[in-house]
Amino acid sequence: MSAELSTAQTATRVVLVTGPSGAGRSTAIAALEDLGYETIDNLPLSLVPRLLDGPLLRPLVLGIDVRNRDFSVTALIELIDRLTRAPALRLEVLYLDASPDVLVRRYSETRRRHPLAPEDAPLEGITLEVDLLAPIRARADVLIDTSAMSPHELRAELARWFDLGKIARLAVSLHSFSYKRGVPRGLDMMFDCRFLSNPHWVPALRPLTGLDPAVAAHVAADPRYPEFITKVRDLLLFLLPAHVEEGKSHLAVGFGCTGGQHRSVAVTENIARALAEAGWQVSKRHRELERRALAQPGVKEAGGA
């Protein structure tokens, strides 16, 4: 057993929970408390290091959001970096997310004002908050989209990731992206999907995304696709246990194409299914589809290459 793995197993688990208002952060904190964690919500960021300098009797959950008294993205990233380097702690950043239209609906149901835009429509505050938290989202070890989840389903998903009776697993995040918009920060490895047949040149498929079965079938019909998927899957299944042995807690893998809408999305979905079937815990992020959803809340993604 490596020294890094031994340290990872004996260090105290600390889960930092954040995400946009309305995405389920309070529900998540309550669920983690039920799993046996000590929970502290909205502690000023400046007080967190002082809290963690003392002895921790059990695993700890810290709830952080934009309402924290001294909140800033820079301060939160610095805190994440500091806690990541602490040998006595094993930090995991849990980011609860939801689509803008779902967040708007939840605010409408509760009739609450958004903390970043109390005098405006909730969408204004939601847009500001999503943009503000984007660098934190990119640092997440576990990202859970609660858009289609009930509170019960969210609790079940959290139990899969954070049950103290289970050995912590490597968090694998898969990202689709457009090379035109640049490579996402924080990737550990990436694969170029631009050699595959491009659905953009098929008029009926152009407005769809890689989440659509017709687009996925078109990409999969490329004669090079089966071998590519097999080799990428086998490579990742070979590498993931090695990263676990070295004590790594998170691995980010990117799949890029020209527009980030068709090929990279279809490949990401395929690899995510393959890794999940092999027993790995996987989260997905389709960056360009999220950009379009944010630009047009409630409207399905369209356009792009």
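Residues numbered from 1 in each chain as written. Predicted model: local features only at pLDDT ≥ 70, side-chain atom pairs only at ≥ 80, totals over all residues. Heavy atoms only, no water.

Draft legend 1. Up close: the overall build of the chain. Per the secondary structure count, the chain includes 11 helices and nine strands. By residue count, 47% of the 305 residues in the chain fall in the buried class. A separation of at least 24 residues holds for 75% of the contacts in the chain among residues at least 6 apart in sequence. Looking at the chain as shown, the accessible area adds up to about 14,700 Å², and 54% of this sits on carbon and sulfur atoms. (Helix = DSSP H or I, 4+ residues; strand = E, 2+ residues; numbered from the N terminus. Buried < 20%, exposed > 50% of the residue type's maximum accessible area, 1.4 Å probe, protein only. Contact = heavy atoms within 4.5 Å. Areas by Shrake-Rupley, 256 points an atom, 1.4 Å probe, with all protein chains shown as cover.)

Draft legend 2. Quick look at the sheet that holds strand S2 (residues 38-41). The strand order S2-S3-S1-S4-S5 describes an open sheet built from five strands, whose pairing is parallel. Unpaired on one side and paired on the other, S2 and strand S5 (142-145) mark the two borders of the sheet. Ignoring which end each strand starts from, the neighbouring axes of this sheet average 20° apart. In this structure, strand S1 (residues 12-18) lies alongside strand S4 (residues 89-97), joined through seven bridges in parallel fashion. (Pairing = 2+ DSSP bridges. Axes fitted to C-alpha atoms, helices over the stretch in contact; angles between N-to-C directions.)

Draft legend 3. Expanded view of the pairing of strand S9 (residues 281-286). Taking burial as the measure, the six residues of S9 include five buried ones, the bulk of the element. Two strands pair when backbone bridges link them, and strand S6 (residues 171-178) and S9 are joined in this way by six bridges, in the parallel orientation. Residue pairing in the sheet places alanine 171 in a bridge with glutamine 281 of S9.

Draft legend 4. Spotlight on the nonpolar core. By size, the foremost hydrophobic cluster in this structure holds 26 residues, and its most contacted members are Leu174, Phe228, Val253, Phe255, Val267, Ile271 and Leu275. Within the residue set of this core, elements represented by two or more residues are S6, strand S7 (189-192), helix H8 (213-220), helix H9 (225-245), strand S8 (250-257) and helix H10 (263-277). Looking at which element gives the most residues to this core, the answer is H9, with six residues. Once residues within four sequence positions are removed from consideration, phenylalanine 228 is found in contact with Phe191, Asp192, Cys193, Phe195, Leu196 and Val267. Residues Val48, Leu62, Ile80 and Leu91 belong to the second largest nonpolar core, which totals 25 residues. (Core = buried A, V, L, I, M, F, W, Y, C linked by side-chain atoms within 4.5 Å.)

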